Amino acid sequence: MTTTAPRFGAAPAAPLVRLLLVATVLLGTVLTVLSGTASAHAALTGSTPEDGAVVATAPKDVTLTFSEQVALSDSSIRVLDPSNKRVDTQKIRNLSSGKIVSYAVDLHAGLPDGTYTVAWQAVSADSHPVSGAFTFSIGAPSKTEATLPAEKAGGGLVGFLYDVARYVSYTGFILLVGGSAFVLGSWPRGASVRPLQRLVVQGWIALTAATLVLLLLRTPYTGSGELADAFDLGGLRAVLTTKTGTALVSRLLLLGAAALFVAVLFGAYARRGTPANEDEAKEKKDLTFGLAVGGVVVAAGIAATWALSEHASTGIQAGLAMPVDVLHLLAVATWLGGLTALLVALYRAPSIEAAAVRRFSRTAFVSVVVLAATGLYQSWRQVGSWSALGDTSYGQLLLVKVGLVAVLIAIAFFSRRWTARLGEPAAVPAEAGTEAKTEAKAEAKTTTESQTSETSETGTGTGSRTATSAGAEAGAEAAAETASGSGSGAAVLAGAGAAAGSGAESESGSETSTGLGTRSETVTASTTAVGDTHRIAQLARQQAAMATARQKRLRDADTERSGLRRSVLAEAGVAVVLLAVTTVLTSTEPGRTAEQEANRTGASASAPATAGPIDVTLPFDTGGQNGKGTVQVTLDPGTSGANLMHLYIDGPDGQPLDVPEVKVAFALTAQKIGPLPIVPERFAAGHWSADGVQIPMPGDWKLQVTVRTSDIDQTTVDKNVKIG
């Protein structure tokens, strides 16, 4: 009967590690949903005509000015008339000059009066889609039936999937680069540890798969927003000609080189082990140097694919910002990826030397210093002012990121204290090793006695029993030595092989002494020897597993090592949140451009809405006979868009005053909009009204009322009103 060896070594904290992985996925999902609502990176800083402007004659074209370079197609700027028909020529003209980024689209001649809608969509220089819309009027505002997309560019399901892929790509890069750096620089013996190998390979797979997904989703992400367009070959060809497409393809090529690096690291490098002489030591040193140089070049190249296509490639000091961004990414990967590798080594590897932990501690300190220096420069470059730090989404997220880094450094301080107190890995004492050997021999003896008793009943002889017992004891002793650290895997195989050899020889001797060496007896003896070999090898594996479990219990009893594991696990948990916040941050409009956009819109655009209709009463005096009175103006609902206006004119006695003419105008001085003239109709004596009064946008509007009481007597009174 075949007996399966029990499975030992399952770490008690393994559920915590799995929980950490689940938290990574969930947190990344939640924050990528939030990032889908983040602002874009290029801002519309101006237009001609301006947003909400009323012009006397139809313009020949519409011009848009952006804060940074954008990519446009012929359908990127659409001008719609009040009936939702397109009135532009669908030909984009590039008017950019120096630092001014402007594009124009020509309009058809002879456009009638009314309100026109300008809808635009583009791809900013940092690879993110941007879109927006505004209105202007010819002659006077009117109702409009123009319809705009329900979702902004880069939103919806496609935007969500794209952000998830970006999060996975950052995670894969950190695991690949940080895990490799940890093995090569801090713990060379870890190259042969299977859990670390899996960690790095999984990082490579995650980064490669995420890059392919980003490449396929690029067309719908920057265009239609339809998931089916991900497989549009025409769109894919267009993406490959863009800066972002080139960066993604370059990343895939570099990942091919990274695969070769990983194969050598966990293949030829791992097999060399501890050098036996000076020649082997020199060969391993040369291989280590080659891997280090090659790894740095490949890692820097992969990091550059982000730097050359995102925030660092645009704005001020781009030539300096891109290499700084590469250093920033490498420092993050070395720190957080190495931290993850250390966590895996502490929980999943049999043991890790204190010297390796100290080496990583020094590496992490250098990485944090580089991270702080490069992060400070990037913050100044992207935020630009103290006000943007608190008033923009980018600045607020940056403060959250700085806070998380501070927490991470504080936890790392405690980890360094545990590291300083850390001794060498707990080894199995000599007594424990002797005990393991004794137990193994005793169990081997018990097992083989039962086996040989069965064998003696078949008449195989005393020689077989002796050989089986001796072989089992040898195999068990080798297994015990392996588990206690004094043997190797070869010893187990050697013990099993010795048992097989002894059994075969004894069977042959038994047959000779009895003189019954028939062919059938020879076959029976050989079959018995093979069966004994399998049982002995299985017993050796059982004993090795038991000794490994015993060694792990002794290792877990090390207070310093347990404290280090807990602190590193806490660091990794904060690092998961930090990575998610960083992903959202890269999808958010930088503080500089956000302030530019706010300045363009003006403070009046964010004026609070009034509660209910507007009701204003103004006194007037035209200076002539019956020239005094009051005019009451109501505007319902008192918001931007269509409104119903009533005017009530009363004399000094409070009775309705019938006047020859009344005119009204609205002006938004902050945005240089208006005056927008409104000519109400006489409804009754002292009562005038106007329907469909269009207010283009909310703000602090100036209301002007002109009252004429005779052919020569008139006056204009005004008052500022807030329209939401």
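Residues numbered from 1 in each chain as written. Predicted model: local features only at pLDDT ≥ 70, side-chain atom pairs only at ≥ 80, totals over all residues. Heavy atoms only, no water.

Draft legend 1. Expanded view of the overall build of the protein. The secondary structure content of the protein amounts to 16 helices and 18 strands. Evaluated residue by residue, the protein yields a buried proportion of 47% over its 724 residues. Put simply, of all contacts in the protein between residues at least 6 apart along the chain, 72% involve residues at least 24 apart. When the accessible surface of the protein is totalled, it reaches about 34,200 Å², and 60% of it is carbon and sulfur. (Helix = DSSP H or I, 4+ residues; strand = E, 2+ residues; numbered from the N terminus. Buried < 20%, exposed > 50% of the residue type's maximum accessible area, 1.4 Å probe, protein only. Contact = heavy atoms within 4.5 Å. Areas by Shrake-Rupley, 256 points an atom, 1.4 Å probe, with all protein chains shown as cover.)

Draft legend 2. Summary view of the nonpolar core. Core analysis: the biggest nonpolar cluster contains 73 residues, and F173, W187 and I352 have the highest contact counts within it. Within the residue set of this core, elements represented by two or more residues are α2 (156-186), α3 (194-222), α5 (243-272), α6 (278-307), α7 (318-348), α8 (354-383), α10 (393-421) and α15 (559-585). The element best represented in this core is α7, accounting for 16 residues. Among the nonpolar cores identified, the runner-up in size contains 31 residues, and M645, W688, A690 and V717 belong to it. (Core = buried A, V, L, I, M, F, W, Y, C linked by side-chain atoms within 4.5 Å.)

Draft legend 3. The arrangement of the pairing of strand β16 (residues 687-695) in detail. Taking burial as the measure, the nine residues of β16 include seven buried ones, the bulk of the element. Inspection of the sheet shows strand β12 (residues 641-650) paired to β16 by seven bridges, in the antiparallel sense. Across the sheet, the residue bridging to Y648 is H687, located in β16. In terms of strand pairing, strand β15 (residues 681-684) meets β16 through three bridges, oriented antiparallel. When the bridges of β16 are listed, E681 appears paired with S689. (Pairing = 2+ DSSP bridges.)

Draft legend 4. Structural detail: a nonpolar patch on the surface. On the surface, a nonpolar cluster with roughly 260 Å² of combined accessible area is contributed by L240, V249 and L253. One can find L240 in helix α4 (residues 233-240). For L240, a relative accessible area of 38% puts it in the partly exposed group. (Patch = residues over 30% accessible without salt bridge, like charges linked within 9 Å, V, L, I, M, F, W, Y side chains within 5 Å. Salt bridge = Lys/Arg side-chain N within 4 Å of Asp/Glu carboxyl O.)

Draft legend 5. Here's a closer look at the pairing of strand β18 (residues 714-723). As defined by bridge partners, strand β17 (residues 699-708) adjoins β18 across 10 bridges and the pair is classed as antiparallel. Considered in β18, the bridge of K702 is made with N720. Linking β17 back to β18 in an antiparallel pair, the connection comprises five residues.

Draft legend 6. Inspection of the sheet that holds β12 at higher detail. Spatially, five strands are ordered β10-β11-β12-β16-β15 in an open sheet, and the strand pairing comes out antiparallel. Either end of the sheet is taken by a strand with one partner, and the two such strands are β10 (614-621) and β15. Here the strands of the sheet are splayed against their neighbours by 25° on average, with no regard to which way each runs. As judged from the eight bridges shared by β10 and strand β11 (residues 628-636), these two strands associate in the antiparallel manner. Along β11, the bridge assignment pairs F620 with G629. (Axes fitted to C-alpha atoms, helices over the stretch in contact; angles between N-to-C directions.)

Draft legend 7. Region of interest: the packing of α6 against α7. At a minimum axis separation of 9 Å, α6 and α7 run at an interaxial angle of 120°. Accordingly, the angle class assigned to the pair α6 and α7 is oblique. Here the hand of the crossing between α6 and α7 comes out right-handed. The segment α6 lies against α7, with A299, A300, A303, A304, W306 and A307 engaging M322, D325, V326, L329 and L330. Considered class by class, the residues forming the contact of α6 with α7 number 10 nonpolar, no polar and one charged. (Parallel < 35°, antiparallel > 145°, perpendicular 65-115°, else oblique. Left-handed = near helix turned anticlockwise from the far one by under 90°. Nonpolar A, V, L, I, M, F, W, Y, C, P; charged D, E, K, R; others polar.)

Draft legend 8. Here's a closer look at the side chain of Q378. When you line up the elements, Q378 lands in helix α8. With a relative accessible area of 18%, Q378 lands in the buried category. Look past the residues within four positions of Q378 in its chain and what remains in contact with it is V324, D325 and H328.

Draft legend 9. Geometry of the sheet that holds β18. Within the open sheet, the four strands sit side by side as β14-β13-β17-β18. Their pairing is antiparallel. In this open sheet, the two edge strands, each paired with only one partner strand, are β14 (673-678) and β18. Adjacent strand axes in the sheet meet at a mean angle of 20° when their direction is disregarded.

Draft legend 10. Spatial organisation of the confidence of the model for the protein. Looking at the protein, pLDDT values average 75 and 71% of them are 70 or higher. Within the model, the stretch residues 1-40 combines pLDDT values under 50 with 55 contacts to residues more than four positions away or in other chains. With pLDDT under 50 throughout, residues 601-611 is counted as low confidence; its partners more than four residues away or in other chains account for 18 contacts. (pLDDT = per-residue confidence, 0-100.)

Draft legend 11. Representation of the environment of G185 in the model. As for its position among the elements, G185 is in helix α2. Sequence spacing of G185 and A292 is 107 residues, and the spatial spacing of their C-alpha atoms is 8.4 Å.

Draft legend 12. Broad picture of the packing of α3 against α4. One can describe the packing of α3 onto α4 by two numbers: an axis separation of 9 Å at closest approach and a directional angle of 105°. With respect to their mutual orientation, α3 and α4 come out roughly perpendicular. Judged by residue contacts, L215, R218 and T219 of α3 engage G235, L236, V239 and L240 from α4. Among the residues forming the contact of α3 with α4, the class breakdown is four nonpolar, two polar and one charged.

Draft legend 13. Geometry of α5. Look at α5: 43 Å from first C-alpha to last across 30 residues, which is about the 44 Å you get at 1.5 Å a residue. At V264, α5 shows its largest kink, close to 30°. Where α5 terminates, the next one or two residues include G273, which has phi positive at roughly 60°. (Expected span 1.5 Å × (residues − 1). Bend = angle between axes of the 7 residues up to and from the residue.)

Draft legend 14. Examining unusual backbone geometry more closely. Residue T48 is joined to P49 through a cis peptide bond whose omega torsion reads -5°. By secondary structure assignment, the location of P49 is in the loop between β1 (44-48) and β2 (54-55).

Draft legend 15. Structural detail: the packing of aromatic side chains. What the rule picks out here adds up to eight aromatic pairs. Ring centres of F173 and W306 lie 5.3 Å apart, and the angle between their planes is 70°; on these two criteria the pair is classed as edge-to-face. Pair noted here: F173 is in helix α2 and W306 is in helix α6, with a separation of 133 residues, a long-range link. On the accessibility criterion, F173 (1% relative accessible area) is buried. Ring centres of F182 and F360 lie 5.6 Å apart, and the angle between their planes is 70°; on these two criteria the pair is classed as edge-to-face. Separated by 178 residues along the polypeptide, F182 in helix α2 and F360 in helix α8 bring together distant segments of the chain. Here F182 and F360 have matching classes, each one buried. (Phe/Tyr/Trp six-rings, centres within 6.5 Å; stacked < 30°, edge-to-face > 60°.)

Draft legend 16. Summary view of the environment of T639. Note that T639 resides in the loop between β11 and β12. Judged by its relative accessible area of 27%, T639 falls in the partly exposed class. Expressed as a C-alpha distance, the spacing of T639 and P696, which sit 57 residues apart in the sequence, is 9.3 Å.

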